[in-house]
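# A structural walkthrough
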Amino acid sequence: QRAPLVVRVNQTKTPRDELLKRWQECAIAADSSAISPQGIRLPTGVSIERLPGFAEGLFQVQSEASQLVSYLVDPASGETILDACAAPGGKATHLAELSGDHGKIIAIDTSARGVERITQNARRLGLESIQAQCADAKKTLPAKLVGPYDRILVDAPCSGLGTLRSHPEIKWQRDDSDIARLCALQARILQSVAQHLKGGGVLVYSTCTLTVDENERVVENFIRKN
């Protein structure tokens, strides 16, 4: 099936019902997501940048499943949080919104271009608690980023098999060797960032794939070693 086009309402600027009403008054066929409290489903083919409220930072494109991850992290106002694989910033900006933009979200990525996208998204949404930095989560973090953190999100690089509706080409671009390579990378990132978590803190591991090796087994192996 074709994936729906979904956006996340920026709750620091407007309630979902108000944005829905605004769009419906413009004859835009938008409906509330039944899965995410901040989600709105839109017809495919809609020009996102032309939607009322885009320039004002009232919403961000983000799938429903992706939105749910930030609710699991459950950030609180005033906390220091690490988003270890953050580009393009969907979850980092959501974490900032859920904490009322009061706290510190350290969003790191290995790509300078990815870091710039995080910064651009945060700026458009009007979020000031996000600090985007270029760093490699699988390696030793720079001294200024070592934490400790109240919460850490590892939204790990993965085979992406959970996104086939949006990216059907993945079926022809993945094989067993990719899974093995990615599992090793995921485990390395998870082990590396865990040392920066406060005692009693929350560590959330998430992927957008369906394989047991990249999900349950990565978590089981991590728990066994720690």
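For the structure itself, look to the data block above.
Below: a short report on this structure. What you are looking at is a predicted structure, and each value in this text was computed from that prediction instead of being measured.

## With respect to the overall build of the protein
- Along the protein, the regular secondary structure elements total six helices and nine strands.
- What you see for the protein is a C-alpha radius of gyration of 18 Å, in line with the 17 Å of a compact globule of 226 residues.
- Principal-axis analysis of the C-alpha atoms gives the protein an extent of 55 × 45 × 30 Å.
- Taking all contacts inside the protein whose residues are at least 6 apart in sequence as the whole, residues at least 24 apart take part in 73%.
- Accessible surface computed for the protein: about 11,600 Å², of which carbon and sulfur atoms make up 50%.
- Considering the protein, the positive charge centre built from 27 side chains and the negative charge centre built from 26 side chains are found 3 Å apart.

## A short note on the nonpolar core
- In this structure, Leu 82, Ala 84, Ile 108, Leu 145, Val 154 and Val 193 are the most contacted members of the largest nonpolar core, which totals 20 residues.
- If you list the elements that add at least two residues to this core, you get β6 (104-109), β8 (149-155), α5 (176-194) and α6 (216-225).
- With four residues, α5 is the largest single contributor of residues to this core.
- Setting aside its immediate chain neighbours within four residues, Val 193 contacts Leu 82, Ala 84, Ala 137, Ile 152, Val 154 and Leu 203.
- Among the nonpolar cores identified, the runner-up in size contains 16 residues, and Ala 92, Ala 107, Ala 122 and Leu 127 belong to it.

## Description of the packing of helix α2 (residues 64-73) against helix α3 (residues 90-98)
- Contact pair α2 / α3: the axes reach a minimum separation of 9 Å and the direction vectors enclose 45°. As summarised for this structure, α2 and α3 are arranged oblique, according to the angle between their axes. For the element pair α2 and α3, the recorded crossing hand is right-handed. Contacts between α2 and α3 involve Ser 66, Gln 67, Val 69, Ser 70, Tyr 71 and Val 73 from the former and Lys 91, His 94, Leu 95 and Leu 98 from the latter.
- Looking at side-chain class alone, the contact of α2 with α3 contains five nonpolar, four polar and one charged residues.

## Some remarks on the packing of aromatic side chains
- Inspection of every chain in the model, using the stated rule, returns two aromatic pairs.
- For the ring pair Trp 23 and Phe 59, a centre distance of 5.2 Å and an interplane angle of 80° mean the geometry is edge-to-face. Within this pair, whereas Trp 23 is found in helix α1 (residues 16-25), its partner Phe 59 is found in strand β4 (residues 59-61), the two being separated by 36 residues in sequence.
- You can call Phe 59 buried: its relative accessible area is 1%.
- The structure contains a cluster of three or more aromatic residues connected by ring pairs, namely Trp 23, Phe 54 and Phe 59.
- Over the aromatic face of Phe 54 sits the side chain of Arg 124, whose NZ or CZ is 4.2 Å from the ring centroid.

## Focus on the environment of Ala 65
- With respect to the helices and strands, the residue Ala 65 is situated in helix α2.
- Among the residues examined, Ala 65 registers a relative accessible area of 57% and is labelled exposed.

## What about unusual backbone geometry?
- Note the cis peptide between Ala 87 and Pro 88, where omega equals 5°.
- Turning to its location among the elements, Pro 88 is positioned in the loop between β5 (80-83) and α3.
- Cis geometry marks the peptide bond from Gly 147 to Pro 148; its omega dihedral reads 10°.
- Residue position: Pro 148 is located in the loop between β7 (130-134) and β8.
- One non-glycine residue, Ala 27, adopts positive backbone phi at about 65°.
- Inspection of the secondary structure puts Ala 27 in the loop between α1 and β2 (31-32).
- Assessed through its relative accessible area of 71%, Ala 27 is described here as exposed.
- Unlike most non-glycine residues, Asp 74 shows phi in positive territory, near 55°.
- Looking at the secondary structure, you find Asp 74 in the loop between α2 and β5.

What counts as what
- Residues numbered from 1 in each chain as written.
- Predicted model: local features only at pLDDT ≥ 70, side-chain atom pairs only at ≥ 80, totals over all residues.
- Heavy atoms only, no water.
- Helix = DSSP H or I, 4+ residues; strand = E, 2+ residues; numbered from the N terminus.
- Rg over C-alpha atoms; globule rule 2.2 N^0.38 Å.
- Contact = heavy atoms within 4.5 Å.
- Areas by Shrake-Rupley, 256 points an atom, 1.4 Å probe, with all protein chains shown as cover.
- Lys, Arg positive; Asp, Glu negative; His and termini not counted.
- Charge placed at Lys NZ, Arg CZ, Asp CG, Glu CD.
- Core = buried A, V, L, I, M, F, W, Y, C linked by side-chain atoms within 4.5 Å.
- Buried < 20%, exposed > 50% of the residue type's maximum accessible area, 1.4 Å probe, protein only.
- Axes fitted to C-alpha atoms, helices over the stretch in contact; angles between N-to-C directions.
- Parallel < 35°, antiparallel > 145°, perpendicular 65-115°, else oblique.
- Left-handed = near helix turned anticlockwise from the far one by under 90°.
- Nonpolar A, V, L, I, M, F, W, Y, C, P; charged D, E, K, R; others polar.
- Phe/Tyr/Trp six-rings, centres within 6.5 Å; stacked < 30°, edge-to-face > 60°.
- Lys NZ or Arg CZ within 6 Å of the ring centre and 35° of its normal.

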